Amino acid sequence: LLIENQLREAIREQQFLMYYQPKIDIQDDTLVGYEALIRWLRPDNTLVPPARFIPVAESTGLIVKIGEWIILESCRFLARQHSRGYAVSLSINLSARQFNDNRLPTMIEQIIQRTGVDPSYLVFEITESMLMGDTDAAIKQLNQLKRLGVSLSIDDFGTGYSSLNYLKRFPVDELKIDRSFVKDIPEDRNDMDIVSAIIAMAQKMQLRVVAEGVESEAQVDFLKQNACYVVQGYYYSMPLAEQELSHLTFTI
Ligand code: G
Ligand code: G
Ligand code: NA
Ligand code: MN
């Protein structure tokens, strides 16, 4: 209850900010996009990690309001990047409650109109578990979102329970390999087999594939050898505030 009241106050007092983590094409070390990640900066200057407050926002329903702010703020950021001539994409996480809200597609459509952002540069990330309950409803919602011209990604891929049969029925565009499979490359042979199998499957199903949690050159080399070219991780950059991004030295 304490954190719930603090969250309500955080909304009122605008204590949330968005950080953006670069996504890199490792074939030529170019910046191809960002993932938007929320941060909560308390008045005492403590930064509360989203893992601490997103679940509370989710269970109290506050996520709907916070989620709308995330999408608006992120689309404004993307519009600014595009106006500077950077043709980058932007990935935005959706929580379960947000995804199940039938007002979501209209809300996103209005934000796209309001910000003037090109929807083909927007990616919405959902997790496997969000697709598993009522699959017909999930497919319907995915199609509504696709109709806006955005693309859809399955986040933390490999950690959920989705069957390959389901995967084929969902109109998604991208798989994001969970960082738990990446972190022990090149020591863990099993993880390397899993990652190369996910990459091969993505290729066969004509899905884009992104590796997250990349922290070392050896991991970059392994992914390159296995033809996964878009990566995200501390090796390239942590999530950063917009004003810090201009200090990055990737060629664009
Ligand atoms: O940014 P960080 O790696 O600390 O994020 C931890 C978790 O918090 C992520 O795995 C993600 O699920 C969640 N998260 C971060 N930012 C957002 C956001 O903008 N929206 C939603 N729904 N979840 C987020
Ligand atoms: O669940 P999701 O994939 O949305 O969460 C992304 C989270 O992963 C963010 O909290 C981000 O800070 C974190 N992250 C991003 N890159 C790395 C990395 O290279 N290593 C680790 N350990 N975490 C990372
Ligand atoms: Na994500
Ligand atoms: Mn993830």
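Residues numbered from 1 in each chain as written. Chains lettered and ligands numbered in written order. Predicted model: local features only at pLDDT ≥ 70, side-chain atom pairs only at ≥ 80, totals over all residues.

For the protein chain, an unreviewed UniProt entry supplies the name EAL domain-containing protein and the organism Alishewanella maricola.

Take the site of ligand 2 next. Taken together, 14 residues sit near ligand 2, with Gly 213, Glu 215, Gly 233, Tyr 234 and Pro 239 positioned nearest. Looking at the shell around ligand 2 residue by residue, the classes come out as 4 nonpolar, 5 polar and 5 charged. (Near = placed C-beta within 6 Å. Nonpolar A, V, L, I, M, F, W, Y, C, P; charged D, E, K, R; others polar.)

For the rest of this paragraph, the subject is the packing of helix α1 (residues 2-12) against helix α2 (residues 50-60). It is the contact of α1 with α2, at a shortest axis distance of 10 Å, that shows an interaxial angle of 90 degrees. Classified by the interaxial angle, the pair formed by α1 and α2 is roughly perpendicular. Of the residues in α2, those in contact with Ile 3, Glu 4 and Leu 7 of α1 are Phe 53, Val 56, Ala 57 and Thr 60. (Axes fitted to C-alpha atoms, helices over the stretch in contact; angles between N-to-C directions. Helix = DSSP H or I, 4+ residues; strand = E, 2+ residues; numbered from the N terminus. Parallel < 35°, antiparallel > 145°, perpendicular 65-115°, else oblique. Contact = placed C-beta atoms within 7 Å.)

Around ligand 1 sit Ala 36, Leu 37, Ile 38, Pro 49, Pro 50, Ala 51, Ile 54, Ile 70, Asn 93, Leu 94, Ser 95 and Pro 239, and those are all the residues in its vicinity. Of all the secondary-structure elements, those providing two or more residues to the shell around ligand 1 are β2 (30-41) and α2. Its residues assigned to classes, the shell around ligand 1 comprises 10 nonpolar, 2 polar and no charged.

As a further point, take helix α5 (residues 104-115). Between the first and last C-alpha of α5 there are 16 Å, a value that for 12 residues agrees with the 16 Å anticipated at 1.5 Å per step. After α5 finishes, the residue Gly 116 shows a positive phi value of roughly 70 degrees. (Expected span 1.5 Å × (residues − 1).)

Before going further, it helps to spend a moment on the confidence of the model for the protein chain. Taken over all residues, the pLDDT of the protein chain has a mean of 95, while the share at 70 or more is 97%. Interface scoring of the predicted complex returns ipTM 0.96; its pTM is 0.96. (pLDDT = per-residue confidence, 0-100.)

So, on to the pairing of β2. Note that strand β1 (residues 16-25) and β2 share 10 bridges and pair antiparallel. Pairing of Lys 23 across the sheet is with Gly 33, part of β2. Linking β1 back to β2 in an antiparallel pair, the connection comprises 4 residues, with Asp 29 at a positive phi of about 55 degrees. Strand direction decides the pairing type here: β2 and strand β4 (residues 89-93), joined by 4 bridges, are parallel. Note on β4: the bridge partner recorded for Gly 33 is Ser 89. Where β2 and strand β3 (residues 47-48) come together, 2 bridges link them in antiparallel fashion. Note on β3: the bridge partner recorded for Trp 40 is Val 48. (Pairing = 2+ DSSP bridges.)

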